Amino acid sequence: MSHSTTSSTYRDSVATTRVEEHKNSVDSRTDGGKQDLIGARDGADILANEKTSSRGRSVLTEDDAEEALPYSWPEWRKWSILVLILFIQTSMNSNASMYGFAVDGLSEKYGVSTNKARLGQFIFLLTYAFGCEFWAPWSEELGRWPTQQASLFLVNIWQILSALSPTFGGVLVARALGGLSTAGGSVTLGVIADLYRPEDTGFQYAVAFVILSSVGGAPIGAVIGGFVGQYHAVEWIFWVLLIMGGIVQVLHFFLVPETNTFILMDREAKRRRKNGEDIYGPFEVKKPRFSPKEIGKIWWRPFLMFFTEPIVLWLSLLSGFADMLVFIFLEAFTPIFEQHGFETYQIGLCFLASVVAYIISYLTYLPVIWHHNKTRKIDPDRLSPESRLWWLLFLAPLLPIGLFGFSWTSWGPDKSHWIAPVIFAAVIGIANYGVYKSSIDYMIAAYGPYAASATGGNDLARDLLAGIAALYAHPFYENIGGKKYHLIYPSTILACIGVLVIIPIYIFYWKGDKIRLRSKFAQELEVARQKRLERKRRRSEIGRPREKVDV
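Presented here is a report on the structure given in the accompanying data block.

**Some points on the overall build of the protein**
Line of reasoning, step 1. Summing up its helical and strand segments, the protein has 26 helices and 0 strands in all.
Line of reasoning, step 2. In the form shown here, the protein has an accessible surface area of approximately 21,100 Å², with 64% of it arising from carbon and sulfur atoms.

Quick look at the structure:
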């Protein structure tokens, strides 16, 4: 699941450090109406970098308040927050994967078919896809901390309804409300942009770690769900989720401070006014404080980019395809490992292969990030956005390879040892992490101020396709291939699809610069890039220090 990952709020915040270039590119365009439609003007970001408001008030800027912002916090404090984000992501993403172990129990309790019982998983993932986008503007306007607390509280409330509902319809309502109440990456990933600027050495390390927490939550939930499903009544799936959610909410309440740059600048401005300084924060001078037009723009832009930008569309579909495999495995693992005599908790333990795979994949990215940071220190404009896809060129083929291997080692104990499909599931997991990490990283680099919307489409595709997979996975593995091949052919079909969906990665790596220049979003960024390079050239001619800006 995404969940974030990656999320509108996070990517909009990333744009803050590039606002001046962004404003120059906007000024160079004459079609103001179109700019407003696609979201070229981000009011809050501009306010954060302007010295005076329209009413002549002095406005605090990021440069003036550097010591009060999270950028200046020590690394140990930043990483303590990131570790807590890992716990939050695990709790949120377990909501989807643990439900798979409640299907049989719900079917028996309410007298519904197992296919109907699976609707709870589909509805949760579907509403989750839109819930992340729904919470995004409020995280920016009200702050990360209250938004995350509200989201966690509501999700916990709906767990109680799921556990105590006298009807299956009540369970479905609770699952739908739980998905809509889940802020996901619109808050948790947004914290990264509060803690680091894109050009900071720690930025990509933080992105890699939080993406690890995003993809790792679902298999960890499956491991826990296996034990709960084996030894407790079905209601305990929801009680355990409530316990997990309650613990992370308490930890977040006491240990995670507010990190939203604009909120902290407002607080710093109020503190300075008490000391006699006449200065205001960016939100204090923002009129109107809550703009329906701006909020609507944030909500609409991910859908616009998803359907009009080839890079966003194809990388989102690839990312969604990789993510939906987790939920297909929730169905495939059960019949495959039941052949080997596995019990429910043992089937859940098989998902540890995905957890280990994600960690391995994460570790392989660390040298790549180190090399990129080293290169940017020498020349910030040397690396193109396509460089973020380089390591994925080697990891992406593992997706169809793993699927083919998983397929043809699923025969059962007569022809295959149980460890073989577990190993190939791990191979798929390595590719899954790489797809999510590199696609998010590439969109951040390629779309700059519009990266929020680009990756919002990515998240939407991941959750939506995962939700659809929760519906068709069971009949997919029951009705295709007959009695002999019903565990073989479905995974083979997925492997063939996997071959097709990874092809655009290589096209974007080699031709991405040309494709981006056909985009109305990327055209603006290229104008800004050229102006930035021209300013750097002029400064170097008169001996002034070169400006350091990330690509």
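Structure shown, so let's carry the discussion forward.
**Things to note about the pattern of salt bridges**
Line of reasoning, step 1. Under the definition given, this model contains 16 salt bridges.
Line of reasoning, step 2. Two residues, arginine 272 and glutamate 268, come together in a salt bridge whose shortest N-O distance is 2.9 Å. Taken together, the positions of arginine 272 and glutamate 268, both in helix α15 (residues 261–274) and 4 residues apart, correspond to about one turn of that helix. Each member of the pair, arginine 272 together with glutamate 268, is buried.
Line of reasoning, step 3. Linked by salt bridges that have partners in common, Glu67, Glu268, Arg271, Arg272 and Glu277 make up one network.

**Brief notes about the nonpolar core**
Line of reasoning, step 1. Counting residues in each nonpolar core, the largest one holds 121 residues, and the members touching the most others are Leu106, Phe333, Tyr433, Tyr447 and Leu494.
Line of reasoning, step 2. Broken down by element, this core gets its largest block of residues, 17 residues, from helix α17 (residues 310–338).
Line of reasoning, step 3. If we ignore the near neighbours within four places in the chain, the residues touching tyrosine 433 are Ala208, Ile211, Leu212, Val215, Tyr358, Ser361, Tyr362 and Tyr365.
Line of reasoning, step 4. Among the nonpolar cores identified, the runner-up in size contains 8 residues, and Leu69, Tyr71, Leu264 and Ala269 belong to it.

**Some remarks on the packing of aromatic side chains**
The way to describe two aromatic rings as a pair is by their centre distance and the angle between their planes.
Line of reasoning, step 1. According to the stated counting rule, one finds 29 aromatic pairs in the structure shown.
Line of reasoning, step 2. Ring geometry for tyrosine 99 against phenylalanine 238: centres 6.3 Å apart, planes inclined by 55°, an arrangement best described as tilted. Pair noted here: tyrosine 99 is in the loop between α5 (75–97) and α6 (103–110) and phenylalanine 238 is in helix α14 (residues 235–255), with a separation of 139 residues, a long-range link.
Line of reasoning, step 3. An aromatic cluster of at least three residues, connected via ring pairs, comprises Phe333, Phe337, Phe342, Phe351, Phe406 and Trp418.

Procedures and definitions
Residues numbered from 1 in each chain as written. Predicted model: local features only at pLDDT ≥ 70, side-chain atom pairs only at ≥ 80, totals over all residues. Heavy atoms only, no water. Helix = DSSP H or I, 4+ residues; strand = E, 2+ residues; numbered from the N terminus. Areas by Shrake-Rupley, 256 points an atom, 1.4 Å probe, with all protein chains shown as cover. Salt bridge = Lys/Arg side-chain N within 4 Å of Asp/Glu carboxyl O. Buried < 20%, exposed > 50% of the residue type's maximum accessible area, 1.4 Å probe, protein only. Core = buried A, V, L, I, M, F, W, Y, C linked by side-chain atoms within 4.5 Å. Contact = heavy atoms within 4.5 Å. Phe/Tyr/Trp six-rings, centres within 6.5 Å; stacked < 30°, edge-to-face > 60°.

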